[in-house]
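# Structural overview
Below, each chain spelled out in residue letters.
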Amino acid sequence: MMSALTMTTTLTNGHHNGKLENGHNGFRKNGFVKLQSQDHSSLRYAAPFSTDPIAVAERERISYGRIPRAVALAGTAPRKIRVYADGIYDMFHQGHARQLQQAKTVFDNVYLIVGVCSDALTHSRKGRTVMTEEERYEAVRHCRYVDEIVCDAPWEYDEEFLEKHKIDFVAHDDIPYTTEDCEDLYAMIKAKDMFVATERTEGVSTSDIVARIVRDYDIYVRRNLARGYSAKELNVSFLSEKKFRLQNKMDELKDKGKKVMTNIGEKRVDILTKWEEKSRELIDAFLLLFGPDGRLSSIWHEGKGRLMQALSQPPSPRSSPPPSENGDATPDHRGSVSPPPTKTRRCDTLWESQADASSSECVGESEEAVQRELTDDGSDSDEEYQDTSQYL
């Protein structure tokens, strides 16, 4: 049975470098794609640092003599081909992983060494990083394509560094990398025919990711505040913190409102059915209470009648109609008291009453005179008068 480290398979499909499946590394040769089975120990353990005993033993085990490009392409190298790739690897992303995959599969049977620059060197040459150097070391050494990590990698190469790590080829993208001292940092490597080109992944880079963070700064600050970070940790002011927290509350209310509307939309049929069932009961109860013949109407009319009866005065007694000429009372066909007499009639009645009074006075005076004549016997005093009417 063939060893998993030496087993290779030739395929005639058109896969690109580094996009092969089933856990194998691939490389292209003469239009074909070869698959190299990966050592399963690299999946169990992180890549060692160059100072670790396992990396030192691997380096001392081989006799250093640079492998020519033709031998590497032919796949007839007597040992593993030591390929070196370096970078900052800040915020390790798929572009970095794809670059390391291409470096791993550029030749058959590659031992990939990756150099990571320190914080001091990176800050002085390129600028501040998001991740610390320890974080960047750990991110790279856990990539499955990496076999060894070189910490505090140099910015520029020299022959001493190449011989120390027994490097056969250097992998990097083909774009000239300029510095203050030279126009192309890899000019010396290219002159030695030790340079192998890798392709950059368009649309993704550390600078692009940082630009997204700056663009969506408010969103990320609000998210971290909601997760429990303090304003001091996020370097935001007191007012900004309150503003972001208010925005978080508003978003929570909006989400709750959307969930409520969604639940209502899902249960609207049940709600309408239940409402239709309850509506009749509500209408019947309303009519029983507020309808024309309802309880409140009956109570109102009954109370109103009692109140009007208590407040109204009793009717005045009806006056008797005046007697007629024959002495009978004239019936009132309307069933009500006769109206008062007119003004002229009242005047006539007044004159009649005065005339009756004067006539009665005259009659009284005449009767008194007659009486005096009958009783006058020539005496001066009434005491001498004797009433003889009883003898008549």
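Because the structure is a prediction, the values reported are computed rather than measured. (Residues numbered from 1 in each chain as written. Predicted model: local features only at pLDDT ≥ 70, side-chain atom pairs only at ≥ 80, totals over all residues. Heavy atoms only, no water.)

## A word on the overall build of the protein chain
Scanning the protein chain from N- to C-terminus turns up 14 helices and eight strands. For the protein chain, buried positions account for 29% of its 392 residues. Across the protein chain, the fraction of contacts at a sequence separation of at least 24, relative to all contacts at a separation of at least 6, is 62%. As displayed, the protein chain has an accessible area near 28,200 Å², and 55% of this comes from carbon and sulfur atoms. (Helix = DSSP H or I, 4+ residues; strand = E, 2+ residues; numbered from the N terminus. Buried < 20%, exposed > 50% of the residue type's maximum accessible area, 1.4 Å probe, protein only. Contact = heavy atoms within 4.5 Å. Areas by Shrake-Rupley, 256 points an atom, 1.4 Å probe, with all protein chains shown as cover.)

## Brief notes about unusual backbone geometry
Residues apart from glycine generally show negative phi values, whereas peptide bonds are mostly found in trans. Backbone geometry places M91, a non-glycine residue, at a positive phi of 55 degrees. Positive phi is not limited to glycine here, since N109 has a value of about 60 degrees. Relative to the elements of secondary structure, N109 occurs in the loop between helix 4 (94-104) and strand 5 (110-116).

## As for the packing of aromatic side chains
A full pass over the atoms with the stated rule returns eight aromatic pairs. Ring centres of Y157 and Y186 lie 5.6 Å apart, and the angle between their planes is 45 degrees; this geometry places the pair in the tilted category. With Y157 in the loop between strand 6 (148-151) and helix 7 (159-164) and Y186 in the loop between strand 7 (169-173) and helix 8 (187-191), the pair connects residues that are 29 residues apart, well separated along the chain. Of the two residues, Y157 and Y186, neither departs from the other in class, the shared state being buried. In this arrangement the basic side chain of K190 is found over the ring face of F195, its NZ or CZ atom lying 5.0 Å from the centre. (Phe/Tyr/Trp six-rings, centres within 6.5 Å; stacked < 30°, edge-to-face > 60°. Lys NZ or Arg CZ within 6 Å of the ring centre and 35° of its normal.)

## Some points on the pattern of salt bridges
Summed over all chains, the structure comprises 14 salt bridges. The partner of R59 in a salt bridge is E148, with the nearest N and O atoms 3.3 Å apart. Taken together, the residues R59 in helix 2 (residues 53-61) and E148 in strand 6 connect sequence positions 89 residues apart. Through salt bridges with shared partners, a single ionic network connects R66, E159 and K192. (Salt bridge = Lys/Arg side-chain N within 4 Å of Asp/Glu carboxyl O.)

## Thoughts on the side chain of D119
Here D119 is to be found in helix 5 (residues 119-125). If we ignore the near neighbours within four places in the chain, the residues touching D119 are T129, M131, T132, E133 and R136.

## What about the sheet that holds strand 8 (residues 195-198)?
Across the sheet, five strands lie side by side as 6-5-4-7-8; this open sheet has parallel pairing. The sheet terminates laterally at strand 6 and strand 8, the two strands that pair on one side only. Pairs of neighbouring strands in the sheet enclose a mean axial angle of 30 degrees, with direction left out of account. Looking at chain direction, strand 4 (residues 81-87) and strand 5 are connected through seven bridges and run parallel. Looking at strand 5, one finds that I81 is bridged to V110. Against the sheet, helix 4 touches strand 4, strand 5, strand 7 and strand 8, its axis set at about 145 degrees to strand 5. (Pairing = 2+ DSSP bridges. Axes fitted to C-alpha atoms, helices over the stretch in contact; angles between N-to-C directions.)

## Considering the environment of L246
Looking at the secondary structure, you find L246 in helix 12 (residues 238-290). C-alpha of L246 to C-alpha of R222: the two residues are 24 residues apart in sequence and 9.5 Å apart in space.

## Remarks on the confidence of the model for the protein chain
Of all residues in the protein chain, 65% attain a pLDDT of 70 or more, and the chain-wide mean is 74. Note that residues 1-37 has pLDDT below 50 and, in this model, 67 contacts with residues that lie over four places away or in other chains. Predicted confidence is poor over residues 378-385, with pLDDT under 50, and the contacts of this stretch with residues over four places away or in other chains come to three contacts. (pLDDT = per-residue confidence, 0-100.)

## A closer look at a nonpolar patch on the surface
A cluster of nonpolar residues, V130, V210 and V214, forms a patch on the protein surface that exposes about 250 Å² of accessible area. Within the secondary structure layout, V210 lies in helix 9 (residues 206-215). Assessed through its relative accessible area of 31%, V210 is described here as partly exposed. (Patch = residues over 30% accessible without salt bridge, like charges linked within 9 Å, V, L, I, M, F, W, Y side chains within 5 Å.)

## Considerations on the nonpolar core
Within the largest apolar cluster, 24 residues are counted, with the highest numbers of intra-cluster contacts made by V83, L100, F107, L112, V114, V140 and V146. When residues of this core are assigned to their parent elements, the largest contribution, four residues, is made by strand 5. Ignoring any residue separated from it by four or fewer positions in sequence, one finds L100 in contact with A85, Y89, F92, L112, V114, V140, C143, Y145 and V146. Judged by nonpolar contacts, the second largest core, of 18 residues, contains I88, V170, M194 and F195. (Core = buried A, V, L, I, M, F, W, Y, C linked by side-chain atoms within 4.5 Å.)

## A look at helix 2
Side chains three or four residues apart in an α-helix point the same way, a direct result of the helix having 3.6 residues per turn. Taken residue by residue, helix 2 has A55, E58 and R59 as its buried positions. Along the axis of helix 2, the buried positions cluster into a sector of 95 degrees, meaning they face one direction only. Looking at helix 2, the residues exposed on the side facing more than 90 degrees away from the buried face are P53, I54, E60 and R61. The secondary structure elements touched by the buried residues of helix 2 are strand 4, strand 5, strand 6 and helix 7. (Arc of directions from axis to C-beta.)

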